[in-house]
Amino acid sequence: MNSPAGAQGVQGVHRDGAASLAVVDLVAGYGEVLALEGVTITADAATITAVLGANGAGKTTLLRAISGMVRPRGGQILLDGADRTGRGPEDMARAGIAHVPEGQGVIAELTVEENLRIGMMSWPGIAWRRADRAAALAEAYERFGVLADRRRKLAGTLSGGERQMLVIARALVARPRVLLLDEPSLGLAPRVMTQVMDMVVRLSRESGITVVLVEQNARGALAIADRGVVLNLGRVVAAADAKTLAADVALRHHYLGF
Amino acid sequence: MVEFLQFTLSGISFGMIYAAVALSLVLIWRGTRLLNFAQGGMAMFTTYVAYEVIRHTGSYWAGFAVALAAGVVLGAVAELAVIRPALGKPELNAVIITIGLLIFLEGLAGILYGGQYRSFPAAFAIIGLRAGSTPLGVSRFDVFVAAAVLATTLLLAIGFRYTSAGLRMRAAAFNTTIARLSGIRVARVITMGWALAGLLGALAGVLVSPSTFLYPNSMDSIFVFGFTAAVIGGLDSPAGSVVGGLLLGVALSYAGGYLGSQGSDLTALVALGILVVVLMFRPDGIFSGPRVRRV
């Protein structure tokens, strides 16, 4: 699959548009415990890949390894074919990988607008023009009206759904090439969850961002994803089109619980 | 009444120095959760640098400026050279390193300058100001002390609030994980925090030394009071450290003034008393918000 044309950056912020992500034979863990024992995943540019599996399957570790929070012990991480293995999270962010960790996406002590401005910290140095920053904020507020009303409020005062919106808005501001989302729907009311999922889809489609989505809610994730990958005990047990996975009754019963 | 005014004003002047030390400790604490025991020693050392520059150039302001610059450099170098290697190791390692740094700096000052007390010049006359015929108990230099710390603090506050570097520092202090994942180079932010702390310490050293004299241990008690002020205000709160410093300075000034000849010997006890009372009612300091820190 080729990356769609017309993946546009925020005015003035030049990254190279959507990027494919490939994880090859990745081994990672904590102390003596290996959480990933040779995982290979490819995500084409501007697609949504759902990573599914039970607790302890290694989903979160996979995202942490891709974003540089966990140093891989083996294997490779390729962004658009370029080897990024072993870089720290600061470098990964600057290379265009945005990772939203589970349940702690906002900095509660900062205002909504400050949280959004954090999204600009990974911009290439050349993009630090006042007009670009203003344009990026304006675009985020346009999409997320609820944030515009609360821009001076501390992020800690937002509701769970608003926080998740803020996280996604910040990802939009950051203009990542790859967005890693860990359980974005956790703890949200179903209606809000739907909104968040819709936003993820729009982000991917309209902005041409490659999304890797970790979810407990397998049904919801597969509904919006292009591809699905099922992990079990640190290994890939299935990888296919989302529709194919969703239609695989045995797999669903065995690993996905629906 | 006149006495009260005098004690209050002189307390504010000393309190601003405690505030500067407290703020320097808070800057480092917020970035690394580390209490820098070498802060007083670093301030003492940069004051010797100022002393040397003033002796050679005859210019107070040259010494003042060089001391502040030396504080920035010393702070950054200390962080890069001895603290950085201990990050990610057990927390006690870094604490012990700061104590080692303190001993090193005080020992080095002792080797270079000996232990004798040296008088350090003040920027302005230390003749007491008067309102009409009433002595105010403070000098023009005391006013300068308060103004210098206040100006520095306000500049820092504005920098934290309105600049990108300030936002990076706050983000890193509040949530290192998100900061790093957002592309903020937290290691650089921490170095910057140490540099600013070094600057504040150097300021405190230059401002307090005309009153205390300069010797290798001259900043020890100032450090202790500065630390007390920081804890009173809440180690996480820059504003709290300033308020804590002022509170402590004024309280100690009253104690020294009203308790007669024993008063000045009792200041440490008074400081301890205030600390205990504050911590009984506000364990995280006066300015602590609701507990939001995550493990």
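The structure under discussion appears in the preceding block.
So, a few notes on the structure that sits alongside this text. Since this is a predicted model, take the numbers as computed values, not measurements.

Helices and strands together make up the secondary structure of chain B, namely 11 helices and two strands. Radius of gyration (C-alpha) of chain B: 19 Å, near the 19 Å computed for a compact globule of 295 residues. Seen through its C-alpha atoms, chain B measures out along the principal axes to roughly 60 × 50 × 35 Å. Every one of the 295 residues in chain B was classed for burial, and the buried ones make up 52%. Nonlocal contacts in chain B, meaning residues at least 24 apart in sequence, comprise 74% of its contacts between residues at least 6 apart. As presented, chain B carries roughly 13000 Å² of accessible surface, and 70% of it is formed by carbon and sulfur atoms. The averaged location of the 10 negative side-chain charges in chain B is 15 Å from the averaged location of its 18 positive side-chain charges.

Before going further, it helps to spend a moment on the nonpolar core. Ranked by internal contacts, the top residues of the largest apolar core, which has 88 residues, are Tyr60(B), Leu207(B) and Leu248(B). By residue number, the principal contributor to this core is helix α8 (residues 186-212) of chain B, which donates 13 residues. Those residues in contact with Leu248(B) that lie beyond four places of it in its chain are Tyr18(B), Phe225(B), Thr228(B), Ala229(B), Ile232(B), Ala271(B) and Ile274(B). In this structure, Phe144(A), Val192(A), Ala225(A) and Ala242(A) belong to the second largest nonpolar core, which totals 51 residues.

Counting buried residues along helix α6 (residues 164-174) of chain B, nine of its 11 residues qualify, which places the element largely inside the surrounding structure. Buried within α6(B) we find Ser164(B), Gly166(B), Leu167(B), Met169(B), Arg170(B), Ala171(B), Ala172(B), Ala173(B) and Phe174(B).

Moving on: the interface of chain A and chain B. At the interface, 23 residues of chain A touch 21 residues of chain B. For the pair chain A and chain B, the two sides together bury roughly 2100 Å², of which 60% comes from carbon and sulfur. On the chain A side of the contact with chain B, Glu90(A), Glu109(A) and Met121(A) bury the most area, a combined 29% of that side's loss. The interface formed by chain A and chain B includes four salt bridges.

This next bit is on the sheet that holds strand β2 (residues 33-43) of chain A. All names here are of chain A. The four strands are arranged β2-β1-β4-β5 in an open sheet whose pairing can be described as antiparallel. At either margin of the open sheet sits one strand with a lone partner, and together these are β2 and β5 (82-83). Bridge count for strand β1 (residues 21-30) against strand β4 (residues 74-79) is five bridges, and the pairing is antiparallel. For valine 24, the partnering residue across the bridge sits in β4 and is glutamine 76. The strands touched by helix α1 (residues 59-66) within the sheet are β1, β2 and β4, with β1 carrying the most contacts at an inclination of about 110°.

As a further point, take the sheet that holds strand β3 (residues 48-52) of chain A. Residues and elements named next belong to chain A. Strand order in this open sheet of six strands is β6-β7-β8-β3-β9-β10, and the pairing throughout is mixed. Since the sheet does not close on itself, it has two edges, and those belong to β6 (97-100) and β10 (235-241), each with one partner. Ignoring which end each strand starts from, the neighbouring axes of this sheet average 15° apart. Helix α10 (residues 249-256) rests against β3, β9 (227-232) and β10 of the sheet, and its axis sits at about 45° to β9.

Bringing the packing of aromatic side chains into the picture now. All names here are of chain B. Enumeration according to the criterion identifies 20 aromatic pairs over all chains in this entry. Residues phenylalanine 7 and tyrosine 258 carry aromatic rings whose centres are separated by 4.9 Å and whose planes lie at 85° to one another, so their mutual orientation is edge-to-face. With phenylalanine 7 in helix α1 (residues 2-32) and tyrosine 258 in helix α10 (residues 238-258), this pair connects stretches of sequence that are 251 residues apart. An aromatic cluster of at least three residues, connected via ring pairs, comprises Tyr60, Trp61, Phe64, Phe124, Phe141 and Phe144.

Attention now goes to α8(B). All names here are of chain B. An ideal rise of 1.5 Å per residue puts 39 Å on 27 residues; α8 measures up with 37 Å between its terminal C-alpha atoms. Burial of α8 is extensive: 22 of the 27 residues sit out of reach of the surface. Positive backbone phi, at 70°, marks phenylalanine 213, one or two positions downstream of α8.

Residues and elements named next belong to chain B. Across three bridges, the pairing between strand β1 (residues 128-131) and strand β2 (residues 134-139) is antiparallel. Residue pairing in the sheet places arginine 130 in a bridge with proline 135 of β2. Linking two consecutive strands that pair antiparallel, namely β1 and β2, is a turn of two residues; a positive phi of about 65° is found at glycine 132 within it.

Residue and element names in this part refer to chain A. Positive phi is not limited to glycine here, since alanine 46 has a value of about 60°. Structurally, alanine 46 can be placed in the loop between β2 and β3. Residue class for alanine 46 comes out buried when judged on its relative accessible area of 11%. Unlike most non-glycine residues, arginine 175 shows phi in positive territory, near 50°.

The next thing to look at is the pattern of salt bridges. Per the stated rule, a full pass over the model turns up 14 salt bridges over all chains. One salt bridge in this structure joins Glu206(A) and Arg202(A), with 3.3 Å as the shortest N-O distance. In this pair, Glu206(A) and Arg202(A) both sit in helix α7 (residues 190-207), four residues apart, roughly one turn of the helix. For Arg33(B), the salt bridge identified is with Asp236(B), shortest N-O distance 2.7 Å. Of this pair, Arg33(B) sits in the loop between α1 and α2 (39-57) while Asp236(B) sits in the loop between α9 (220-233) and α10, and the two are 203 residues apart along the sequence. Note on Asp236(B): relative accessible area 31%, which makes it partly exposed.

For the rest of this paragraph, the subject is the side chain of Thr98(B). Following the sequence through the fold, Thr98(B) ends up in helix α4 (residues 91-113). Those residues in contact with Thr98(B), other than ones at most four positions away along the chain, are Leu34(B), Leu35(B), Asn36(B), Phe37(B), Ala38(B), Ile83(B) and Trp194(B).

Residue and element names in this part refer to chain B. Residues Leu259, Leu266, Leu269, Leu272, Val276, Val277, Met280 and Phe281 make up a contiguous nonpolar surface patch of about 790 Å² in total accessible area. Of note, valine 277 is situated in helix α11 (residues 263-281). Given a relative accessible area of 45%, valine 277 falls into the partly exposed group.

Calculation rules
- Numbering of residues starts from 1 in every chain and runs along the sequence as written.
- Each chain takes a letter, starting from A, and each ligand takes a number, starting from 1, following the order in which they are written.
- Note on the predicted model: pLDDT of at least 70 is required for a residue's local features to be given, and 80 or more for side-chain atom pairs to be given and counted; whole-chain, interface and lining totals, by contrast, use all residues.
- In computing side-chain properties, one takes all heavy atoms of the structure into account and sets aside hydrogens as well as water.
- Secondary structure follows DSSP: runs of H or I at least 4 residues long count as helices, runs of E at least 2 residues long count as strands, and numbering of each begins at the N terminus.
- Between the two quantities, the radius of gyration covers C-alpha atoms and the globule rule is 2.2 Å times the number of residues to the power 0.38.
- The buried label applies to any residue whose accessible area, calculated with a 1.4 Å probe on protein chains only, is under 20% of its type's maximum; exposed applies above 50%, and partly exposed to all values in between.
- Contacts between residues were defined by any pair of non-hydrogen atoms, one from each residue, lying within 4.5 Å.
- Residue burial considers only the protein chains on display, and all accessible areas are found by Shrake-Rupley using a 1.4 Å probe.
- The charged-residue count follows a simple rule in which Lys and Arg add positive charge and Asp and Glu add negative charge, with His and chain termini not counted at all.
- By convention, the charge on Lys lies at NZ, on Arg at CZ, on Asp at CG and on Glu at CD.
- Only buried residues count toward a nonpolar core. Its members are Ala, Val, Leu, Ile, Met, Phe, Trp, Tyr and Cys residues joined through side-chain atoms within 4.5 Å.
- Accessible-area loss on putting two parts together, using a 1.4 Å probe and summing over both, is the definition of buried area adopted here.
- Every case where a carboxyl oxygen of Asp or Glu lies within 4 Å of a side-chain nitrogen of Lys or Arg is listed as a salt bridge.
- We call two strands paired when DSSP finds no fewer than two bridges between them.
- Comment: axis = line fitted to C-alpha atoms, over the contacting stretch for helices; angle = value between 0 and 180 degrees taken between N-to-C directions.
- Stacked, tilted and edge-to-face are the three classes assigned to paired rings of Phe, Tyr and Trp, where Trp is represented by its six-membered ring and a pair needs centres within 6.5 Å; plane angles under 30 degrees give stacked, over 60 edge-to-face, the rest tilted.
- In a helix, the anticipated span is given by 1.5 Å times the number of residues less one.
- Patch membership needs two things, relative accessible area over 30% and no salt bridge, and members are linked within 9 Å if like-charged or within 5 Å if nonpolar (Val, Leu, Ile, Met, Phe, Trp, Tyr).

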